[in-house]
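Architecture and fold: a report
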There are 2 protein chains.
Amino acid sequence: MMVSIKEVAKRAGVSPGTVSNVFSGKRAVKPELARRVREAASELGYEPDRAASQLRAGKARIVGVLVPDLNNPFFTSLIASLEAHARNEGFDIIVASSHGKVDEEAARLGALLAWRPAGLVVIPCTDDFVSEELLERVGIPFIVADRVPSSFAGDAVSVDNVEIGRRAAEHLIGLGHRHFVVAASTLKLQNIRERCQGIEAALMRFELDPPTLIEVGLDFDIARPQLGVFMEGPQQATAFIALTNFATLAILWSAHKSGLSIPSEVSVVGFDDFSWMQAVSPALTAIRQPVEAMGQAIWKQLSARIGGASHGPMRTKLICDLVVRGSTAPPPGDNSGKPRVRVPAGRA
Amino acid sequence: MMVSIKEVAKRAGVSPGTVSNVFSGKRAVKPELARRVREAASELGYEPDRAASQLRAGKARIVGVLVPDLNNPFFTSLIASLEAHARNEGFDIIVASSHGKVDEEAARLGALLAWRPAGLVVIPCTDDFVSEELLERVGIPFIVADRVPSSFAGDAVSVDNVEIGRRAAEHLIGLGHRHFVVAASTLKLQNIRERCQGIEAALMRFELDPPTLIEVGLDFDIARPQLGVFMEGPQQATAFIALTNFATLAILWSAHKSGLSIPSEVSVVGFDDFSWMQAVSPALTAIRQPVEAMGQAIWKQLSARIGGASHGPMRTKLICDLVVRGSTAPPPGDNSGKPRVRVPAGRA
DNA sequence: GTGAAAGCGCTAACAA
DNA sequence: TTGTTAGCGCTTTCAC
């Protein structure tokens, strides 16, 4: 079926080693021979077998990517970015999903390792990151991305989560909001909690009450009653911040169900800047994670390690933008349009 | 670094062949020996090398997936579904993006083939599907998904595009709409044109004017002026149907810019039922492609071929749902709330 | 039921 | 610069 290096060699009248050299470019080959080899190869439809090549050479041109969920556009965008960078350097990527479960994470990691990849990119499904030990032992370079547990001291790429939270909160404080609800799919992840910390710190600095933190899960029907309490009745809040992309949907859906109008009755800050957010009405003010830059940083670090870099941990922390659009406005009753609370001097 | 079968064999006091048999289960091994082997393997952290295994055995447990764009959630959801099914049978998947370009498609296909995968899933980037010949020649099983050119006669999984179009159009006709605009990122793809045909056929059956077809591209700023013409001024339409997920955004964004209210002034049918569509206000009436069922059908077919099925082409055409929500309503001036046009007897 | 040995397609040493 | 050869880790005969 698939043609091997030997047949190409025979047809071109050279040795297999020479064919190998033509394709790998590792050793110089006389132009005339090289031409004949290429010709023979294309006539036969030859494509070098990477599995065999990697077995013999001991070095792989494949990297594994393990994410918690392939249905989450943030993760898949990251994969898209990674794929582009990897391909530029001749690497292929093999993907696996842990489906958010620790045991599947371990199992999928094993499967990925079975390909003896040159490196791995892992977005852990919990802060435990039980697979760290396994990865360290195996000795394959790996980058932990997005969800970087505080206990982890190796190579990592993430965003500055505290800063994200601070910015979102200050934007809303500046508009005059005083009653905050913060929603996230889960509060068990370190990166999410850091975002909360940023928000809490900002509110504290302005001497406002701490925000209400809500874990909305991943189901509209579970999220709804929890959010509804703060959209109707006495505990009503005016500012809602989502800390995950699902939480964004939960907040919007719940506001819709409660018949609340955005932004005149409640302001909403979404998470992850997907293209639908600018298309809908009102367009969503949102926290934009620099997905492309993250993919690039991950690849840069991984690539360096694959190339043999052996110095201490490489850590990248990227800054997110707050994209202000139509879903945030002064709270009802504040007609001035101007900030109700002054930002103390020395801070933006 | 990574431990090999030999070391496990030595530690367990057996031959490499026996270790292989324990892991593959192909030949019976005495329980006592098997236990010792497993023990030794886990102590050493052994994981069989799949590249080596595939090289020797000549059969791969990896499938390649080639899509036009890893940033399109429809494609990535399909990958998610595929990944789940493949993993259940012990297959890993390697992904590549053609970035919508024919030459990249060919190049990425070559790279995928270089892993000697057991099978391939391809979503072509154009109707030419120039790679078909290459794939046929190589003889590796492959399934063409989603975009199935009329010229292609092999295994394929797609949706019934004509039916999609018909349903969307009839829904709007039933509400009383008479002036239709149909938007798609491109009209060059067969599947998109089939959707148009379904719409046109429905309008013709009700003796309405044919719809205006608009190619919106993949950029808001290019889409906007084209759609704007039909949202403002004399050529105004009341019914907008998106035939791609980007077109959905373009229509919403453009309606927003034109200050049109949905659904009181214009009705919108979106494409692909993503979760944000039910969260926004108004919730979007949308054409839902059965992504999970598609992934399952693709895997079922591919799996059969990998297993050696050699009968004629396997073709699956799945039916889409029209999910009716708040973005479609009778056109302005139609206060009855009842259909303006009667559906002829004998048809739903 | 198990071991010994050959060989999958390729590349790296070594010769020439 | 090129050919020859050994062997990567595994599976699969073929003996026993």
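Residues numbered from 1 in each chain as written. Chains lettered and ligands numbered in written order. Predicted model: local features only at pLDDT ≥ 70, side-chain atom pairs only at ≥ 80, totals over all residues. Heavy atoms only, no water.

The environment of DNA strand C is formed by 23 residues, the closest being I5 and S20 of chain A together with T18, L33 and R56 of chain B. Within 4 Å of the protein, the contacting atoms of DNA strand C are drawn from sugar and phosphate to the extent of 70%. Measuring from a phosphate oxygen of DNA strand C, one finds a backbone N or O atom of I5 of chain A at 2.3 Å. One of the side-chain N or O atoms of T18 of chain B is found 2.6 Å from a phosphate oxygen in DNA strand C. Counting residues per element, the ones that place at least two in the surface near DNA strand C are α2 (16–24) and α4 (50–57) of chain A together with α4 (50–57) of chain B. (Near = heavy atom within 4 Å. Polar contact = N/O pair within 3.5 Å; in protein donor to acceptor, adjacent residues only side chain to side chain. Helix = DSSP H or I, 4+ residues; strand = E, 2+ residues; numbered from the N terminus.)

What follows concerns the sheet that holds strand β12 (residues 321–323) of chain A. Residues and elements named next belong to chain A. With respect to topology, six strands assemble into an open sheet ordered β7-β6-β8-β9-β10-β12, the strand pairing being mixed. The sheet is open, and its two borders are formed by β7 (212–215) and β12, each paired with just one other strand. Taken pair by pair, the neighbouring strands of this sheet meet at an average axis angle of 20°, ignoring direction. Sheet topology places strand β10 (residues 285–288) next to β12; three bridges connect them, and they run antiparallel. Among the inter-strand pairings, A286 is bridged to a residue of β12, identified as V323. (Pairing = 2+ DSSP bridges. Axes fitted to C-alpha atoms, helices over the stretch in contact; angles between N-to-C directions.)

Within the largest apolar cluster, 208 residues are counted, with the highest numbers of intra-cluster contacts made by L227, F240 and W276 of chain A together with L227, F240 and W276 of chain B. For W276 of chain A, the residues in contact, after removing those within four places along its chain, are T248, L249, L252 and L284 of chain A together with L249, W276 and V280 of chain B. (Core = buried A, V, L, I, M, F, W, Y, C linked by side-chain atoms within 4.5 Å. Buried < 20%, exposed > 50% of the residue type's maximum accessible area, 1.4 Å probe, protein only. Contact = heavy atoms within 4.5 Å.)

All names here are of chain B. The sheet built from six strands is open, its strands ordered β7-β6-β8-β9-β10-β12 with mixed pairing. A strand with exactly one partner marks an edge of an open sheet, and here the two such strands are β7 (212–215) and β12 (321–323). The mean inter-strand angle of the sheet, taken between neighbouring strand axes irrespective of direction, is 20°. As paired elements, strand β8 (residues 239–242) and strand β9 (residues 267–271) share three bridges and run parallel to each other. Across the sheet, the residue bridging to F240 is V268, located in β9. The sheet strands contacting helix α9 (residues 190–205) are β6 (180–184), β7, β8 and β9, and the helix crosses β6 at an angle near 170°.

All names here are of chain A. Burial of the side chains of strand β4 (residues 142–145) extends over both faces: F142 and V144 are buried on one face and I143 and A145 on the other. In this structure, strand β3 (residues 119–122) lies alongside β4, joined through three bridges in parallel fashion. Each residue of the ladder has a partner; that of V121, found in β4, is I143. Remark: the β3/helix α7 (residues 131–138)/β4 crossover connection has right-handed handedness. (Right-handed = clockwise from strand over helix to strand, strands pointing away.)

Under the criterion given, the structure shown has 38 salt bridges over all chains. Taking the shortest distance from any N to any O, the salt bridge between R108 of chain A and D92 of chain B comes out at 3.2 Å. Separated into two different chains, R108 of chain A in helix α6 (residues 102–113) and D92 of chain B in strand β2 (residues 92–97) make up a pair that spans both. A salt bridge links E163 of chain A to R166 of chain A; the nearest nitrogen and oxygen atoms lie 2.9 Å apart. On the criterion of helical spacing, the pair formed by E163 of chain A and R166 of chain A is a turn pair, its members being three residues apart in helix α8 (residues 161–175). When its relative accessible area of 19% is taken as the criterion, R166 of chain A is described as buried. Because the salt bridges share partners, they merge into one network encompassing E163, R166, R167, E170 and R205 of chain A. (Salt bridge = Lys/Arg side-chain N within 4 Å of Asp/Glu carboxyl O.)

Between chain A and chain B, which share one sequence, the superposing operator has a rotation angle of 180° and an axial displacement of 0.0 Å; the RMSD is 0.1 Å. The relationship between the two copies is best expressed as a two-fold rotation axis. Using C-alpha coordinates, one finds that chain A approaches the rotation axis most closely at I94 of chain A, a distance of 2.1 Å. (Least-squares fit on C-alpha atoms with pLDDT ≥ 70 in both.)

This part covers the domain arrangement of chain A. Residue and element names in this part refer to chain A. Under the domain assignment, chain A is made up of domain 1 (56–159 + 293–318) and domain 2 (161–290). On a C-alpha basis, the centroid separation for the pair domain 1 and domain 2 is 30 Å. With 15 residues of domain 1 in contact, the opposing surface of domain 2 contributes 13 residues. The junction of domain 1 with domain 2 conceals about 1100 Å² of combined surface from both sides, 51% of it contributed by carbon and sulfur atoms. (Domains from an automatic or database assignment. Buried area = accessible area lost by both parts, 1.4 Å probe.)

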